[in-house]
Amino acid sequence: PWSATFDLNPSDGLRNGHSMLVSAWTREATSLWIWSLEGFSDKPEKVLIDRPRTAIWQTQLSPNGRWIVFVPTGRDIPPPQRVVVASLDGVQTAEWTPLVQTPSMTDKPRWAPDGRTVYFLTSRGGFYNLGGIRFDPDRGVAMGQPFDVTHFVSPSLTVSTSLGESEIGIAAHR
């Protein structure tokens with residue numbers, strides 16, 4: 001859905017099956033909303049994050065429904081782009097925890113089906129690869145160091161640098 005004031009970019013459905021997470025894009029910021037799928041409304045069910053000059057992208061809800069991972073960008077957020085995690089109940093800026101402490105860019109966070117690993121694209125090593133980090137779904141913290149899933153070291157064999165056109169999917173038993 002869109003209007004003259006915002007575009008809604010859906011990212012993940014809530015476990016209740018009646019709502020979804022959407023990034024609400026405007027010229028000033030991209031907020032994170034919960035949008036009802038029941039009936040028609042021109043207002044969000046709930047505004048989770050609305051921070052001036054900040055964009056919230058690639059939001060994914062954990063399998064247990066307690067955590068969200070996302071990529072915040074903006075003038076007040078120093079590069080590189082990083083994946084952060086927050087409690088779905090309290091997503092205030094002070095409660096965003098970087099999931100991966102790295103000088104390289106990370107993007108496209110995706111949960112493993114059991115919620116115990118978060119996968120992401122990373123530019124670590126000069127080429128885009130798929131990485132991961134273990135996650136404690138009870139405490140909401142990363143465990144250990146990031147690990148490589150792929151190790152592409154050539155421009156002829158790498159994840160596309162056009163991240164806006166790239167996507168990843170994580171499945172059980174694959």
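Please read all numbers here as calculations on a predicted model, not as lab measurements.

Q: How would you summarise the sheet that holds strand E12 (residues 141-148) if you had to cite specific residues and measurements?
A: As summarised here, the arrangement of the four strands in space is E9-E10-E11-E12, forming an open sheet in which the pairing is antiparallel. For this open sheet the edge positions go to strand E9 (106-111) and E12, each flanked by a neighbour on one side alone. Between one strand axis and the next, the sheet turns through 25 degrees on average, direction left out of account.

Q: Mind laying out the environment of Glu28, listing which residues take part and the relevant values?
A: The residue Glu28 is located in the loop between strand E2 (19-25) and strand E3 (30-36) in this model. Taking the C-alpha atoms as reference points, Glu28 and Phe135, 107 residues apart in sequence, are found 33 Å from one another. Apart from the residues lying within four places of it in its own chain, the contact partners of Glu28 are Arg53 and Thr54.

Q: Lay out the pairing of E3 in plain terms, naming residues and giving numbers.
A: For E3, the tally of buried residues reaches six of seven residues, placing the bulk of the element in the interior. Sheet topology note: the E2/E3 ladder contains seven bridges and is antiparallel. When the bridges of E3 are listed, Ala24 appears paired with Ser31. Adjacent in sequence and paired antiparallel, E2 and E3 are bridged by four residues. The pairing of E3 with strand E4 (residues 46-49) spans three bridges and is antiparallel. For Ile34, the partnering residue across the bridge sits in E4 and is Lys46.

Q: Report on the packing of aromatic side chains, specifying residues and quantitative values.
A: Tallied over the full model, the rule gives five aromatic pairs. Ring plane angle 75 degrees and centroid distance 5.0 Å describe the contact between Trp111 and Phe135, whose orientation is recorded as edge-to-face. Placement of Trp111 in strand E9 and of Phe135 in strand E11 (residues 129-136) is noted, with a sequence separation of 24 residues between them. With relative accessibility at 0%, the residue Phe135 sits in the buried group. Aromatic pair Tyr119 and Phe147: ring centres 6.4 Å apart, planes at 90 degrees, arrangement edge-to-face. Linking Tyr119 in strand E10 (residues 117-122) with Phe147 in strand E12, this pair joins segments that are 28 residues apart in sequence. We classify Tyr119 as buried; its relative accessible area is 17%.

Q: So, the confidence of the model for the chain: which residues are in play, and what are the values?
A: Per-residue pLDDT for the chain has a mean of 83; in total, 94% of the residues score no lower than 70. Per-residue pLDDT, averaged within each element of the chain, yields its smallest value for strand E1 (residues 7-13) (81) and its largest for E11 (94).

Q: How would you sum up the pairing of strand E7 (residues 84-87)? Please name residues and give values.
A: Taken together, the four bridges between strand E6 (residues 67-74) and E7 define a ladder with antiparallel strand orientation. Across the sheet, residue Trp67 finds its bridge partner in E7, namely Ser87. One ladder, built from two bridges, connects E7 with strand E8 (residues 97-98); its direction is antiparallel. For Val84, the partnering residue across the bridge sits in E8 and is Pro98.

Q: Hey, could you go over the nonpolar core for me, with residue numbers and the actual values?
A: The biggest cluster of nonpolar side chains holds 14 residues, and the ones touching the most others in it are Leu21, Leu32, Leu48, Ile49, Ile68, Phe70 and Trp96. Taken together, the elements giving at least two residues each to this core come down to E3, E4, strand E5 (54-61), E6 and E7. One finds Trp67, Val69, Leu99 and Trp111 within the second-largest nonpolar core, a separate group that totals twelve residues.

The rules behind these values
- Residues numbered from 1 in each chain as written.
- Predicted model: local features only at pLDDT ≥ 70, side-chain atom pairs only at ≥ 80, totals over all residues.
- Heavy atoms only, no water.
- Pairing = 2+ DSSP bridges.
- Helix = DSSP H or I, 4+ residues; strand = E, 2+ residues; numbered from the N terminus.
- Axes fitted to C-alpha atoms, helices over the stretch in contact; angles between N-to-C directions.
- Contact = heavy atoms within 4.5 Å.
- Buried < 20%, exposed > 50% of the residue type's maximum accessible area, 1.4 Å probe, protein only.
- Phe/Tyr/Trp six-rings, centres within 6.5 Å; stacked < 30°, edge-to-face > 60°.
- pLDDT = per-residue confidence, 0-100.
- Core = buried A, V, L, I, M, F, W, Y, C linked by side-chain atoms within 4.5 Å.

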